[in-house]
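Coordinates in review
The lines below spell out each chain.
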Amino acid sequence: MIQTRGERTFTVFSAAVMLLLTVFAFVPFLLIVIASITDETALVRNGYSFFPEHLSLDAYRYIRSSAYVFVRAYGVSFLVTLLGTAAGLLITSMLAYPMSRSDFKYHNVLAFVVFFTMLFSGGIVPSYIMWTQYFHIKNTLLALILPNLLANGFNVLLVRNYFKNNVPLEIIEAAQIDGASELRTFFRIMLPLSMPVMATVGMFMGLAYWNDWINALYFVSKPQLYGIQNLLMQLMTNIQFLNSGQAGSVLGTATVQLPSTAVRMAMAVLGIVPVLFVLPFMQKYLTRGVVIGAVKG
Amino acid sequence: MTARRKSPAKPLKKTLPLLLLAAPGLLYFLINSYFPMFGVFIAFKDVNYAKGIFGSDWIGLKNFTFLFQTSDAWIMTRNTLLYNLVFIALGTVVSILIAILMSELLTKLYSKLFMTGLILPNLISMIVLSLLVFAFLNADSGFVNHSILRPLGLPEINWYSEPKYWPYLLVLIQLWKTAGYGSIVYFASIAGIDKSIYESAKIDGAGKLKQIRMITLPLLKPTVIVLVLMSMGRIFNSDFGLFYQVPMNSGALFSTTQTIDTYVYRALMQLNDIGMSAAAGLYQSVVGFALVLTVNAIVKKVNPENALF
């Protein structure tokens, strides 16, 4: 591509601004990564700094030494993410499939049922009372999974649109002429042909579960059921207790010492690491997924 | 419908398996979304667990009267609306700018690299975000006080007890977290624009800026309208994490950080005032719903193509 001088200038300008913005997006992460490997006394004396006086891996050693708390929280987070995403994907695609079939009598009824949930809700109070008083999910693993299962209708519509636009009805008809049942068509044809959207939506769901802390805030008071986010949050709350002069017990157990600032930052780093693994996939599928989603249904 | 039936048995045979596939999802929406809709009557009751939700006394609009008599109602409504308006306006402008700049980069590798960097903030949880903010703003060892204000000889600021700074902080934080991600749809739209339009503009002597003004921006308009409308419909909602967790639930900051969502949470879980909380929640749902319908009706009148439904 031949570029004029003006265009070249603009390209250089764009690259410079983008570089600046990317650095701006990264710098806060850098600060906590550095804080997590800064010696605690240096941290107290000099504050958070990009160029600490003394480095130390004490924070990570501390985490390893009281591993059970962190491993348990990590375990809860992984389990909830895995179960929630798997179940969510299955139910979402099973619901999206009939919606995508224009030859199915009720496909528009289904679409409206889903769409309306995006427009109006009863609010958190009736939901809270229903889940706690009638389904009794308080302080169970289900409390971390169920309220977010199909967090919003958006994902269902997204998958529906993909099914509709990318798998022609002719393929389905051909399969059924060959004797495939609806179930078989769905599992053997529709799903294998729709892996990109499954990956995109699965990623959205996985991230939502990994990052969720609100369900635990509403429904869980047992520290044993805290995922990594809620453990972090509890450490934060304890900072507040300290700031306001009231000492709180940390992690609900007296045996664990009050973690240092560096430990908090190390935990935050450990909370982000799994997300980093998702990033390359995110990069690959995101544009496509978001664009599919932006197509209105 | 009946005219298309070939035999009475066939439609059921065809419909039933599909209905069965849809059943779990439908059941879920029924329980999680539709049942609570009928729970809105809680806002009109004096909830008493001893008598049960259904057995509690009706008190008409009292919950609402109490709610709107407090200054909370005004503050949370104002905050929710103003923050959302600023988020929508600034977010849209910044996202479009990023998308345009990103589309100008010569190689795919660069745009991928930058995009990856810019969406990372969107992937972290509000808890981690609040820790990041805390690392910058806490009074004793925070980066801003310790490494910027102090060396410059400026007075240190107690960020978590000064409400006046939070409108700016929250806008900045929200932009930092969402603008990169928000630019993706615009980036994809720009990538979809026919390159030959730019080529012919170039032959006519249009420079880059002129091309952006005359081609890119007008062609982005439909996308902008749809996205802005969608966010308008949610203007009575707010990101609970941003307004609750990032200011660390600090009571001193409520005048500039309280939104309807955080109020509902506090009234329900911290004050145990179920009636008031339900009233605030219903207020939010009803006004939000009315807003969506209104906005959609207006758009439908102006340009049916852009309407949401």
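1. Considerations on unusual backbone geometry
Even without a glycine there, the phi angle at Asn139 of chain A is positive, about 55°. Locating Asn139 of chain A in the fold gives a position in the loop between helix H6 (124-134) and helix H7 (142-145). For Asn139 of chain A, a relative accessible area of 22% gives the class partly exposed. For Asn272 of chain B, which is not glycine, the phi dihedral falls at a positive 60°.

2. Quick word on the nonpolar core
Grouped together as the largest cluster of nonpolar side chains are 179 residues, with contacts concentrated most on Tyr48, Phe163 and Met267 of chain A together with Ile42, Leu129 and Leu137 of chain B. No other element matches the 13 residues that helix H14 (residues 261-294) of chain A contributes to this core. Beyond its immediate chain neighbours, meaning those up to four positions away, Ile42 of chain B contacts Val125, Pro126 and Ile129 of chain A together with Val47, Ile53, Asn63, Ile274 and Ala278 of chain B. Core analysis: the second largest hydrophobic core is formed by five residues, Tyr198, Ala201, Ala206 and Ile215 of chain B among them.

3. Things to note about the pattern of salt bridges
Within the structure shown, the criterion is met by seven salt bridges over all chains. Here Arg61 of chain A makes a salt bridge to Asp58 of chain A, at a shortest N to O gap of 2.9 Å. Linking Arg61 of chain A with Asp58 of chain A, this pair stays in helix H3 (residues 58-65), spanning three residues, or about one helical turn. According to the relative accessible area criterion, Asp58 of chain A is partly exposed, its value standing at 42%. Put simply, Arg150 of chain B and Glu156 of chain B hold a salt bridge, and the shortest N to O gap is 2.5 Å. Taking the relative accessible area as the measure of exposure, Glu156 of chain B reaches 35% and is therefore partly exposed.

4. Some details on helix H12 (residues 260-270) of chain B
Most of H12 of chain B sits out of view: nine of its eleven residues are buried. Just downstream of H12 of chain B, Asn272 of chain B is the residue with a positive phi angle, here 60°.

5. Quick notes on the packing of helix H1 (residues 5-36) of chain A against helix H5 (residues 126-137) of chain B
The geometry of H1 of chain A relative to H5 of chain B is characterised by a closest axis approach of 10 Å and an angle of 75° between their N-to-C directions. With respect to H5 of chain B, the element H1 of chain A is oriented roughly perpendicular. Contact residues: Val27, Pro28, Phe29, Leu31 and Ile32 of chain A in H1 of chain A; Leu132, Ala135 and Phe136 of chain B in H5 of chain B. Its residues placed into classes, the contact of H1 of chain A with H5 of chain B shows eight nonpolar, no polar and no charged.

6. Points about the packing of aromatic side chains
With the rule as written, the count across this model stands at 36 aromatic pairs over all chains. Ring centres of Phe120 of chain A and Phe289 of chain B lie 5.4 Å apart, and the angle between their planes is 70°; this geometry places the pair in the edge-to-face category. Here Phe120 of chain A is found in the loop between helix H5 (107-119) and H6, whereas its partner Phe289 of chain B is found in helix H13 (residues 274-302) on a different chain. Taking the relative accessible area as the measure of exposure, Phe120 of chain A reaches 15% and is therefore buried. Phe289 of chain B sits in the partly exposed class, given a relative accessible area of 21%. Ring geometry for Tyr218 of chain A versus Phe219 of chain A: centroids 6.3 Å apart, planes at 45°, classification tilted. The residues Tyr218 of chain A and Phe219 of chain A share a single accessibility class, namely buried. One aromatic cluster in this structure is built from Tyr128, Trp213, Tyr218 and Phe219 of chain A together with Phe240, Tyr244 and Tyr265 of chain B.

7. Observations concerning a nonpolar patch on the surface
Residues and elements named next belong to chain B. A cluster of nonpolar side chains, Leu27, Leu30, Phe35 and Phe38, forms an exposed patch at the surface whose accessible area comes to about 420 Å². Within the secondary structure layout, Leu30 lies in helix H1 (residues 9-38). Residue Leu30 is classed as partly exposed on the basis of its relative accessible area, which comes to 39%.

8. Quick word on the interface of chain A and chain B
Listed by partner, the interface residues are 100 residues for chain A and 91 residues for chain B. Interface of chain A and chain B: buried area, both sides summed, is about 8900 Å²; carbon and sulfur atoms make up 79% of it. Summed over the shared surface of chain A and chain B, the number is zero salt bridges. By residue number, the principal contributor to the side of chain A that touches chain B is H1 of chain A, which donates 19 residues. Broken down by class, the residue content of the side of chain A that touches chain B amounts to 72 nonpolar, 20 polar and eight charged.

9. Structural notes on the confidence of the model for chain B
In this model, chain B carries a mean pLDDT of 88, and residues with pLDDT of at least 70 account for 95%. Reported confidences for the modelled complex are a pTM of 0.89 and an ipTM of 0.88.

10. So, H5 of chain B
Two residues of an α-helix separated by three or four positions point the same way, owing to the 3.6 residues in each turn. Residue and element names in this part refer to chain B. Taking 1.5 Å per residue as the helical rise, H5 with its twelve residues ought to reach 16 Å, and the 16 Å between its terminal C-alpha atoms agrees with that figure. In terms of burial, H5 is largely enclosed, as twelve of its twelve residues are buried. All of the buried residues in H5 are Met126, Ile127, Val128, Leu129, Ser130, Leu131, Leu132, Val133, Phe134, Ala135, Phe136 and Leu137.

11. Focus on the environment of Phe104 of chain A
If you trace the backbone, Phe104 of chain A turns up in the loop between helix H4 (67-100) and H5. C-alpha separation for the pair Phe104 of chain A and Ser77 of chain A, spaced 27 residues apart in sequence, amounts to 39 Å. What Phe104 of chain A contacts, discounting residues up to four positions off in sequence, is Pro98 and Leu110 of chain A together with Thr15, Leu18 and Leu19 of chain B.

12. Overview of the side chain of Asp212 of chain A
Take Asp212 of chain A: it is sitting in the loop between helix H11 (195-211) and helix H12 (214-219). Of the side chains with opposite charge, Lys177 of chain B comes closest to the buried, unpaired Asp212 of chain A, at an N-O distance of 12 Å. A distance of 3.3 Å separates a polar side-chain atom of Asp212 of chain A from the backbone nitrogen of Ile214 of chain A. With residues near it in sequence (within four places) discarded, Asp212 of chain A still touches Asn148, Gln229 and Asn230 of chain A.

Reading the values: the criteria
Residues numbered from 1 in each chain as written. Chains lettered and ligands numbered in written order. Predicted model: local features only at pLDDT ≥ 70, side-chain atom pairs only at ≥ 80, totals over all residues. Heavy atoms only, no water. Helix = DSSP H or I, 4+ residues; strand = E, 2+ residues; numbered from the N terminus. Buried < 20%, exposed > 50% of the residue type's maximum accessible area, 1.4 Å probe, protein only. Core = buried A, V, L, I, M, F, W, Y, C linked by side-chain atoms within 4.5 Å. Contact = heavy atoms within 4.5 Å. Salt bridge = Lys/Arg side-chain N within 4 Å of Asp/Glu carboxyl O. Axes fitted to C-alpha atoms, helices over the stretch in contact; angles between N-to-C directions. Parallel < 35°, antiparallel > 145°, perpendicular 65-115°, else oblique. Nonpolar A, V, L, I, M, F, W, Y, C, P; charged D, E, K, R; others polar. Phe/Tyr/Trp six-rings, centres within 6.5 Å; stacked < 30°, edge-to-face > 60°. Patch = residues over 30% accessible without salt bridge, like charges linked within 9 Å, V, L, I, M, F, W, Y side chains within 5 Å. Areas by Shrake-Rupley, 256 points an atom, 1.4 Å probe, with all protein chains shown as cover. Buried area = accessible area lost by both parts, 1.4 Å probe. pLDDT = per-residue confidence, 0-100. Expected span 1.5 Å × (residues − 1). Lys, Arg positive; Asp, Glu negative; His and termini not counted. Polar contact = N/O pair within 3.5 Å; in protein donor to acceptor, adjacent residues only side chain to side chain.

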